[in-house]
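Report on the structure
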Amino acid sequence: MAPSSAADPRILAHVDMDAYYVEVELLTQPELRGRKIIVAADSGRSVVLSASYEARADGVRSAMPLSRARQASPHAIVLPPHMERYRELSRQIMAYFDTITDAVEQLSVDEAFLDLTGARRRLGGPEQIGKKIRREIREQFGLPATVGIADRKFIAKIASTRAKPDGLLLVPPQRRLEFLHSLPVTAMWGVGAKTAQSLEAFGITTVLQLAQTPEPSLRRRFGVTGTALHRLAWGEDARAVQPHRIEKSIGAEETFAQDVADDAVLRAELLRLSHRVAARLRESGVSAQGLSLKLRYSDFETLTRSATLTHPSHSALAIYAKMLALLEKLGERSQSVRLIGIRAERLVDDAGGLQLGFDRTETNWVDAESALDAVAKRFPQVQTAPASLLRARREDPGLGDS
């Protein structure tokens, strides 16, 4: 048995907005509350972005193809997403978290870790603070939020998952192991379907069984993953809340109306996506050190390929060049492409991390792209894009924005 550690005075909260996209849509369409709702672009090739709990009861899940979701929940109402509205409300919610504590680690538009340790003297005990957060998010934004509180990050996240929807669960330090060891192993952070199957084949289906399995046996069978899971099963997680507001990655992707085999079409789409991602990088004041290409074939097989830039960049030219190289390295494809996407990763703040190693060609392109940003911001009705893409749209009206 792993030795018990001394009580840790940290108070960490994981706040997760319930069915966030759906709830934001209900702010303007409250008459739909209680109905089966799916948020997705209304086309046969799109995927579910979010679903109400009523639709989830039918088996609808995020990232599920919309066509399959319609079969699972034929009476569900499909609402188109409004991404800018979600991002703007998220910014306001994160700003509210800053009034609670200066240690806020944003994970996505709808969830964050908060270190409440320093807020106890000002705001009260952990449960009191958790209730305050839920109440004030409801009052200020009209949205439900679930809060999990513990002295370990991963336990706080598990607690919020177990308290959904619209709940609060506090796991005191002295009950940490009692809580953990009562759970199925699938509740563990990082245990997906494949890992769960591997653990089950090893005779492990609960966190208690995982904890009681000797660490050397887990390491021999599962490598470093076995060691990490064993530590988590004993509540070992020393990670602190890391305050940041920079996105971990920025991406864009396109699901084609019809599967595409033509390389020229894929290259044109990569160019368009490169400009979308680069514009978002510049808007966020960050540059990317890493890039990844995503392809999904007609049979839904998905692959990704990654590359590293010689220096952090927010240039569409640099992104596009890397994406073309990755596409070419794939060689001849046996299937048509259903979806193509780009993700910019390992982001750095332009204020301190952008290297001045541009060659003159890239510098000129960045200047030109920044000028296009300014035009698009001042005249949103004007469509700006590389000439090759504008020609392609005239020739094929189906190449509009996703």
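Criteria and thresholds
- Residues numbered from 1 in each chain as written.
- Predicted model: local features only at pLDDT ≥ 70, side-chain atom pairs only at ≥ 80, totals over all residues.
- Heavy atoms only, no water.
- Helix = DSSP H or I, 4+ residues; strand = E, 2+ residues; numbered from the N terminus.
- Buried < 20%, exposed > 50% of the residue type's maximum accessible area, 1.4 Å probe, protein only.
- Contact = heavy atoms within 4.5 Å.
- Areas by Shrake-Rupley, 256 points an atom, 1.4 Å probe, with all protein chains shown as cover.
- Salt bridge = Lys/Arg side-chain N within 4 Å of Asp/Glu carboxyl O.
- Core = buried A, V, L, I, M, F, W, Y, C linked by side-chain atoms within 4.5 Å.
- Pairing = 2+ DSSP bridges.
- Axes fitted to C-alpha atoms, helices over the stretch in contact; angles between N-to-C directions.
- Polar contact = N/O pair within 3.5 Å; in protein donor to acceptor, adjacent residues only side chain to side chain.
- pLDDT = per-residue confidence, 0-100.
- Parallel < 35°, antiparallel > 145°, perpendicular 65-115°, else oblique.
- Left-handed = near helix turned anticlockwise from the far one by under 90°.
- Phe/Tyr/Trp six-rings, centres within 6.5 Å; stacked < 30°, edge-to-face > 60°.

1. Quick word on the overall build of the protein
- Along the protein, the regular secondary structure elements total 17 helices and 12 strands.
- A total of 402 residues make up the protein; the buried ones form 45% of that total.
- Sequence-distant contacts in the protein: of pairs separated by 6 or more residues, those separated by 24 or more amount to 66%.
- For the protein, the exposed surface amounts to about 20,400 Å²; the carbon and sulfur share of it is 52%.

2. Re the pattern of salt bridges
- Under the defined criterion, the tally for this structure stands at 23 salt bridges.
- Residue Glu-84 pairs with Arg-91 through a salt bridge whose shortest N-O separation is 2.9 Å.
- Of the residues examined, Arg-91 reaches a relative accessible area of 45% and is grouped as partly exposed.
- A network of salt bridges, in which partner residues are shared, links Glu-84, Arg-87, Glu-88 and Arg-91.

3. Observations regarding the nonpolar core
- Ranked by size, the top nonpolar core spans 35 residues in total, and within it Tyr-20, Phe-97, Leu-114, Ile-133, Ile-137 and Leu-143 carry the most contacts.
- Those elements giving two or more residues to this core turn out to be strand E1 (12–17), helix H1 (20–28), strand E2 (37–39), helix H4 (83–100), strand E6 (111–115), helix H6 (126–141) and strand E7 (145–150).
- The element best represented in this core is H4, accounting for seven residues.
- Here Phe-97 is in contact with Val-15, Val-104, Ala-112, Leu-114, Ile-133 and Ile-137, once residues within four sequence places are set aside.
- In terms of nonpolar packing, the next biggest core, distinct from the first, is built from 33 residues, Leu-273, Tyr-320, Leu-327 and Ile-340 among them.

4. Thoughts on the pairing of E1
- Counted residue by residue, E1 has six buried out of six residues, so it is predominantly covered.
- Neither face of E1 is left uncovered, since the one carrying Leu-12, His-14 and Asp-16 and the one carrying Ala-13, Val-15 and Met-17 both have all their residues buried.
- Inspection of the sheet shows E1 paired to E7 by six bridges, in the antiparallel sense. When the bridges of E7 are listed, Val-15 appears paired with Val-147.
- Sheet topology places E1 next to E6; five bridges connect them, and they run antiparallel. Bridging from a neighbouring strand, Val-15 pairs with Ala-112 of E6.

5. Focus on the sheet that holds E6
- Overall, mixed pairing links the five strands, which are arranged E5-E6-E1-E7-E8 in an open sheet. Two strands lie at the open edges of the sheet, namely strand E5 (104–108) and strand E8 (168–170), each paired on one side alone. This sheet shows a mean twist of 15° between the axes of neighbouring strands, independent of strand direction.
- Against the sheet, H4 contacts E1, E5 and E6, and its axis sits at roughly 155° relative to E5.
- Strands in contact with H6 are E1, E6, E7 and E8; relative to E7, the strand with the most contacts, it is inclined by about 165°.

6. Let's talk about the side chain of Asp-237
- Inspection of the secondary structure puts Asp-237 in the loop between helix H12 (224–233) and strand E9 (249–260).
- Judged by its relative accessible area of 7%, Asp-237 is buried.
- Polar side-chain contacts of Asp-237 include one of 2.7 Å to the side chain of Arg-239.
- The residues contacting Asp-237, other than those within four sequence positions of it, are Arg-10, Arg-152, Lys-153, Phe-154 and Leu-232.

7. So, unusual backbone geometry
- Following Lys-164, the chain continues to Pro-165 via a peptide bond in cis, the omega torsion being -5°.
- Here Pro-165 shows up in the loop between helix H7 (153–163) and E8.
- Positive phi outside glycine occurs at Ala-63, with the angle close to 75°.
- Locating Ala-63 in the fold gives a position in the loop between helix H2 (53–56) and helix H3 (66–72).
- Overall, Ala-63 belongs to the exposed group, its relative accessible area being 57%.
- Here Phe-300, not a glycine, exhibits a phi torsion of approximately 75°, which is positive.
- You can see Phe-300 is positioned in the loop between strand E10 (286–297) and strand E11 (302–313).
- For Phe-300, a relative accessible area of 35% puts it in the partly exposed group.

8. Overview of the confidence of the model for the protein
- Within the protein, residue pLDDT values average 85, and 83% of them lie at 70 or more.
- Predicted confidence is poor over residues 351–364, with pLDDT under 50, and the contacts of this stretch with residues over four places away or in other chains come to 19 contacts.
- Scored below 50 in pLDDT, residues 389–402 makes 19 contacts in the model with residues more than four places away or belonging to other chains.

9. Some details on the packing of helix H13 (residues 263–284) against helix H14 (residues 316–329)
- Between H13 and H14, the shortest axis-to-axis distance is 8 Å and the interhelical angle comes to 140°. On the basis of their axis angle, the class for H13 and H14 is oblique. Judged by the sense of rotation from one axis to the other, the crossing of H13 with H14 is right-handed. Between H13, through Leu-266, Arg-267, Leu-270, Leu-271, Ser-274, His-275, Val-277, Ala-278, Leu-281 and Arg-282, and H14, the contact on the second element is made entirely by Ala-316, Ile-319, Tyr-320, Met-323, Leu-324 and Leu-327.

10. Some details on the packing of aromatic side chains
- Taken as a whole and assessed by the stated rule, the structure comprises six aromatic pairs.
- Here the aromatic rings of Phe-202 and Phe-222 are separated by 5.6 Å at their centres, their planes lie at 90°, and the arrangement is edge-to-face. Linking Phe-202 in the loop between helix H9 (193–201) and helix H10 (207–212) with Phe-222 in helix H11 (residues 215–222), this pair joins segments that are 20 residues apart in sequence.

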